[in-house]
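Structural description and commentary
The residues making up each chain are set out below.
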Amino acid sequence: MSISLSSADVPREERFDWFADLVGRALSPTEITYERSRDFSADASVFDYGPVQLADFRYAPLRSRRTSGLIRRGDPEQYHLALVTGGPMWINQLGTESGLVTGGMVLWDTSRTYEAGAGDGDDPVRATILQIPKRTVHRTVSNRIDRMLARPIPADCGIAAVLARYMSSLAEHGDEMAADDRARLGRIAADLFGSLLAQHLDTAAHVPPESRTAILREQIICFINTNLGDPDLNPRTVAAQHNISLRRLHQLFEDQDESVAGAIRSRRLGKCHADLADPGLRHLPVHAIAARWGFTGATAFNRTFRQAYGIAPTHLRRRSGE
């Protein structure tokens, strides 16, 4: 299930109430206040990813709080991890205040009271919120998770960076997924979340081996996607980057649709295909586009491209310009 909504489709005088009701249904019952309700604007997308849910909100700066009464009214018993971009937000839970967070993540517990708000500016906040049922979190981790609540989590390195990019991708492509794909991707998100907690709480030994495998594979895919333009990107360099043997790397992809080399090749080809079809890049020669995405020889590139798409690169470009 996926739902995308915008306040632009709601009468101006009803927009704030519409958004407050949506937050209550998509996340948890919450009291929201906004000083200029008639000028309020927001967009929202809500996705079901099997074991987890993802909500992507863009909204004008506001304040919110969850009281004991609201918890009694309804508690999904979840941890909410927000990736915050755009304008900053803050949250206070269990006496800890995050400070202004943007470009990073922050975690809270729906079973505990909290207050939250945005910075003093007018920039809209974007919060991409991963909703994790508490029952899916290992008990050893959940017993210590309070120390992470309302504390900013940098998202520029390690597991946090992988999870942040993954959440952004789920929000961007959520309405393109079949139900089976969403459930599989949701399990990966849950594994990444568990690994993030384990890393911050020094409980990595309690992450199941299958989860550690899925997380490592996702880290490798993220590394590949980030380094497609490097002509030296290959299975050997990928293995070295992740401190594993080449044999272990190939084992990680044995039950996947693509081998490591296949994943690199298909992603490079996809980038080349998109660039060749882009009218704005027609000034670049075909060989320059190939080199841009890590292909070092024109002959090999042309052959590989034709095998993948059934058409030569020059013919694709010509057809795209018609």
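Reading the values: rules and limits
Residues numbered from 1 in each chain as written. Predicted model: local features only at pLDDT ≥ 70, side-chain atom pairs only at ≥ 80, totals over all residues. Heavy atoms only, no water. Helix = DSSP H or I, 4+ residues; strand = E, 2+ residues; numbered from the N terminus. Buried < 20%, exposed > 50% of the residue type's maximum accessible area, 1.4 Å probe, protein only. Contact = heavy atoms within 4.5 Å. Areas by Shrake-Rupley, 256 points an atom, 1.4 Å probe, with all protein chains shown as cover. Pairing = 2+ DSSP bridges. Axes fitted to C-alpha atoms, helices over the stretch in contact; angles between N-to-C directions. Parallel < 35°, antiparallel > 145°, perpendicular 65-115°, else oblique. Nonpolar A, V, L, I, M, F, W, Y, C, P; charged D, E, K, R; others polar. Core = buried A, V, L, I, M, F, W, Y, C linked by side-chain atoms within 4.5 Å. Expected span 1.5 Å × (residues − 1). Arc of directions from axis to C-beta.

Moving on to the overall build of the chain. Broken down by element type, the chain carries 12 helices and 11 strands. A principal-axis box enclosing the C-alpha atoms of the chain has dimensions of 70 × 50 × 35 Å. Taken across its 322 residues, the chain has 47% of its residues classed as buried. Considering only contacts in the chain between residues 6 or more positions apart, those separated by 24 or more positions represent 70%. As presented, the chain carries roughly 16,300 Å² of accessible surface, and 46% of it is formed by carbon and sulfur atoms.

Spatial ordering of the open sheet is given by S2-S5-S10-S7-S8, a layout of five strands whose pairing is antiparallel. For this open sheet the edge positions go to strand S2 (31-33) and strand S8 (96-97), each flanked by a neighbour on one side alone.

Running from N to C, helix H9 (residues 260-276) and helix H11 (residues 298-309) cross one another at 90 degrees; their axes reach a closest spacing of 11 Å. The orientation of H9 with respect to H11, classified from their angle, is roughly perpendicular. Residues Arg265, Leu269, Gly270, Cys272, His273 and Leu276 of H9 touch H11, and the partners they reach there are Phe301, Thr304, Phe305, Ala308 and Tyr309. A breakdown of the residues in the contact of H9 with H11 according to their chemical character gives seven nonpolar, three polar and one charged.

Our next topic: the nonpolar core. Across soluble globular proteins, nonpolar side chains show a tendency to be buried alongside one another. The biggest cluster of nonpolar side chains holds 36 residues, and the ones touching the most others in it are Leu81, Met105, Leu107, Leu130, Phe193, Leu196 and Leu197. Within the residue set of this core, elements represented by two or more residues are strand S3 (42-49), strand S4 (52-59), strand S6 (78-86), strand S9 (104-109), strand S11 (125-133), helix H4 (158-173), helix H5 (179-201) and helix H6 (209-226). Top contributing element to this core by residue count: H4, with nine residues. Other than its neighbours up to four places away in sequence, Leu196 contacts Leu81, Met105, Ile153, Ile159, Ala160 and Leu163.

Let us now look at unusual backbone geometry. For Ala150, which is not a glycine, the phi torsion comes out positive at approximately 60 degrees. Assignment of secondary structure puts Ala150 in the loop between helix H3 (139-142) and H4. When its relative accessible area of 0% is taken as the criterion, Ala150 is described as buried. Even without a glycine there, the phi angle at Asn243 is positive, about 55 degrees. As for its placement among the helices and strands, Asn243 is situated in the loop between helix H7 (235-241) and helix H8 (246-252). For Asn243, a relative accessible area of 71% puts it in the exposed group.

A few words now on helix H1 (residues 15-26). Counted at 1.5 Å a residue, the expected span for H1 with its 12 residues is 16 Å, and the 16 Å between its end C-alpha atoms agrees. Those residues of H1 lying buried are Arg15, Phe16, Trp18, Phe19, Leu22, Val23 and Ala26. All buried residues of H1 lie within an arc of 160 degrees about the axis, which places them on one face of the element. Counted as exposed and oriented over 90 degrees from the buried face of H1: Asp17 and Arg25. The elements touched by buried residues of H1 are strand S1 (2-6), S2, S3, S4 and S11.

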